[in-house]
Each structure stands twice: as C-alpha cells, then as structure tokens.
Amino acid sequence: MPIHEIGDQSCAVARSIAVVGDPWTLMVLRELFLGTRRFDDLRVQTGVSPHLLSVRMRALTESGVVERLPYQQKPLRHEYRLTRKGLDLWPVVMALKAWSDRWADWPEGRPVRLRHQGCGKVTQPQLTCHVCGEAMGPQDVDLEMSEAAVAERVRRSQGRAA
C-alpha cells in the first residue's frame with residue numbers, strides 16, 4: 001500500500017505514519033528538536049542526501065509540521081522551525097528515544113539525557129493520563145474504535161477472505 005493511501009485509513013496511527021513514518025523524516029525531527037535549523041546542518045547531522053532532505057522538508061512544510069523562514073537576504077537563505085503541529089510530535093520522538101534507551105546496546109552510555117528544567121533531575125519520558133495524572137501503559141487502557149474504524153476493518157477482512 002503506497003504511503004499516501006495509508007493516510008486515507010480510519011486510523012490515527014496510519015494517518016500519522018503518512019506524515020512522519022519515514023526514517024529520514026524522524027531523523028530530521030530529532031535534529032529540529034535538538035535545535036538544528038539550517039538545511040546544510042540538517043543534512044550533515046542526519047547523513048541524508050541533499051535531494052532526499054529537500055523532498056522531506058517540502059513534505060513537512062506542506063503538511064504544516066515545519067515552517068521555512070528567511071534568516072539571510074543576500075543571498076536569500078532559509079531555516080526551518082517546528083510549528084505547533086510539529087512541536088506536538090515531541091512525545092513521538094521521546095517514545096522512540098525511551099524505547100532505544102531501554103532496548104538498544106549503549107556500551108558508552110546513552111547518547112542523550114533529558115534534564116527536567118522544573119526540578120533539575122535527569123528523567124525519562126512517561127505516558128500519563130491527562131485526567132488523573134497516573135502513569136499508563138497498554139494494559140491500563142481499553143480501546144474503543146469508531147464506527148468508521150470498525151467498518152474499515154470489516155471491509156479489509158472481507159477483502160482478504162475473498
């Protein structure tokens with residue numbers, strides 16, 4: 001299934017993948033969260049080819065995840081900044097970091113630590129319920145699918161059985 005069709009599904013994960021589900025896009029997001037702003041610096045820090053980075057930056061700009069802002073007039077040069085929509089991807093990047101911290105082999109220690117500005121302590125990201133504040137994992141929630149999601153799953157199952 002082409003990536004643009006993934007985003008047509010009645011699924012929040014599929015629609016997110018359609019925007020940021022490419023490894024290079026996630027690496028660009030990592031760099032933007034680390035404060036990298038300029039095209040050449042993004043290219044160097046991610047290792048992506050200039051052409052591929054240009055394609056990814058155009059897609060992120062068109063989807064409203066980043067904005068392109070001039071920082072120099074002669075010659076005209078731009079930098080990239082995360083929009084509010086882009087900043088909302090912080091938990092996604094942090095979830096990938098937390099997973100890697102736990103499961104990847106880091107003989108020289110984890111490459112990045114998070115220090116909470118509020119208390120000054122090194123911390124790990126954690127999902128919590130926005131209502132009561134309790135930590136939550138997959139065993140702590142019940143999934144309730146919309147009618148559209150259920151219908152789509154039924155259609156997909158019937159198509160497979162045929």
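The following paragraphs examine the structure supplied in this document. Quantities reported herein were computed from a predicted structural model and do not represent experimental measurements.

So, how was this worked out
- Residues numbered from 1 in each chain as written.
- Predicted model: local features only at pLDDT ≥ 70, side-chain atom pairs only at ≥ 80, totals over all residues.
- Heavy atoms only, no water.
- Helix = DSSP H or I, 4+ residues; strand = E, 2+ residues; numbered from the N terminus.
- Rg over C-alpha atoms; globule rule 2.2 N^0.38 Å.
- Contact = heavy atoms within 4.5 Å.
- Areas by Shrake-Rupley, 256 points an atom, 1.4 Å probe, with all protein chains shown as cover.
- Lys, Arg positive; Asp, Glu negative; His and termini not counted.
- Charge placed at Lys NZ, Arg CZ, Asp CG, Glu CD.
- Salt bridge = Lys/Arg side-chain N within 4 Å of Asp/Glu carboxyl O.
- Buried < 20%, exposed > 50% of the residue type's maximum accessible area, 1.4 Å probe, protein only.
- Patch = residues over 30% accessible without salt bridge, like charges linked within 9 Å, V, L, I, M, F, W, Y side chains within 5 Å.
- Disulfide = S-S within 2.5 Å.
- Axes fitted to C-alpha atoms, helices over the stretch in contact; angles between N-to-C directions.
- Left-handed = near helix turned anticlockwise from the far one by under 90°.
- Nonpolar A, V, L, I, M, F, W, Y, C, P; charged D, E, K, R; others polar.
- Core = buried A, V, L, I, M, F, W, Y, C linked by side-chain atoms within 4.5 Å.
- Pairing = 2+ DSSP bridges.

1. Brief notes about the overall build of the protein chain
Move 1: A count of helices and strands for the protein chain gives eight helices and four strands.
Move 2: Across the protein chain, helices and strands are ordered from the amino to the carboxyl terminus as α-α-α-α-α-β-β-α-α-β-β-α.
Move 3: Relative to the globule expectation of 15 Å for 162 residues, the C-alpha radius of gyration of the protein chain, 19 Å, shows a markedly less compact shape.
Move 4: Over its C-alpha atoms, taken along the principal directions, the protein chain stretches across nearly 60 × 40 × 35 Å.
Move 5: For the protein chain, contacts bridging at least 24 residues in sequence account for 34% of all contacts bridging at least 6.
Move 6: Total accessible area on the protein chain stands at roughly 12200 Å², and carbon and sulfur atoms take up 54% of it.
Move 7: Seen as two clouds, the 23 positive and the 19 negative side-chain charges of the protein chain have centres 6 Å apart.

2. What to know about the pattern of salt bridges
Move 1: Applying the stated criterion across every chain, the model contains five salt bridges.
Move 2: With a closest N to O distance of 2.8 Å, Glu-31 and Arg-30 form a salt bridge.
Move 3: Of the residues examined, Arg-30 reaches a relative accessible area of 28% and is grouped as partly exposed.
Move 4: In this structure, Glu-152 engages Arg-156 in a salt bridge whose closest nitrogen and oxygen atoms are separated by 3.2 Å. Highlighted residues: Glu-152 and Arg-156, both in helix H8 (residues 147–161), separated by four residues, approximately one helical turn.
Move 5: Looking at Arg-156, the relative accessible area reads 40%, which means it is partly exposed.

3. Observations concerning a nonpolar patch on the surface
Move 1: On the surface, Leu-127, Met-136, Val-141 and Leu-143 cluster together into a nonpolar patch covering about 410 Å² of accessible area.
Move 2: With respect to the secondary-structure elements, Val-141 resides in the loop between strand S4 (122–123) and H8.

4. Some thoughts on unusual backbone geometry
Move 1: Cis geometry marks the peptide bond from Lys-74 to Pro-75; its omega dihedral reads -10°.
Move 2: Within the secondary structure, Pro-75 is located in the loop between strand S1 (66–72) and strand S2 (77–82).

5. Considering the state of the cysteines
Move 1: Per the stated rule, a full pass over the model turns up zero disulfides.
Move 2: Between Cys-129, a free cysteine, and Cys-132, which holds the nearest cysteine sulfur, the sulfur-to-sulfur gap is 3.8 Å.
Move 3: Assessed through its relative accessible area of 23%, Cys-129 is described here as partly exposed.

6. Observations concerning the packing of helix H3 (residues 23–34) against helix H4 (residues 39–46)
Move 1: Taken N-terminus to C-terminus, the directions of H3 and H4 make an angle of 115°; their axes are 10 Å apart at the nearest point. When the axes of H3 and H4 are compared, the crossing they make is right-handed. For the pair formed by H3 and H4, the contact residues are Trp-24, Met-27, Val-28, Arg-30, Glu-31 and Leu-32 on the first element and Leu-42, Gln-45 and Thr-46 on the second.
Move 2: Of the residues that constitute the contact of H3 with H4, the class distribution is five nonpolar, two polar and two charged.

7. With respect to the nonpolar core
Side chains of nonpolar character tend, in soluble globular proteins, to be buried together.
Move 1: Judged by nonpolar contacts, the single largest core of 17 residues is most densely connected at Leu-29, Leu-32, Met-57, Val-65 and Val-66.
Move 2: Elements represented by at least two residues in this core include exactly H3, helix H5 (50–62), S2 and helix H7 (90–103).
Move 3: The residues touching Leu-29, leaving out its near neighbours within four places in the chain, are Val-20, Val-65, Leu-82, Leu-89 and Val-93.

8. Comments concerning the pairing of S2
Move 1: By the bridge criterion, six bridges tie S1 to S2 in an arrangement that is antiparallel. Looking at S2, one finds that Gln-72 is bridged to Arg-77.
Move 2: Hairpin connection, S1 to S2: the antiparallel pair is bridged by four residues.

Don't take any of this as a statement about function, it's just geometry.
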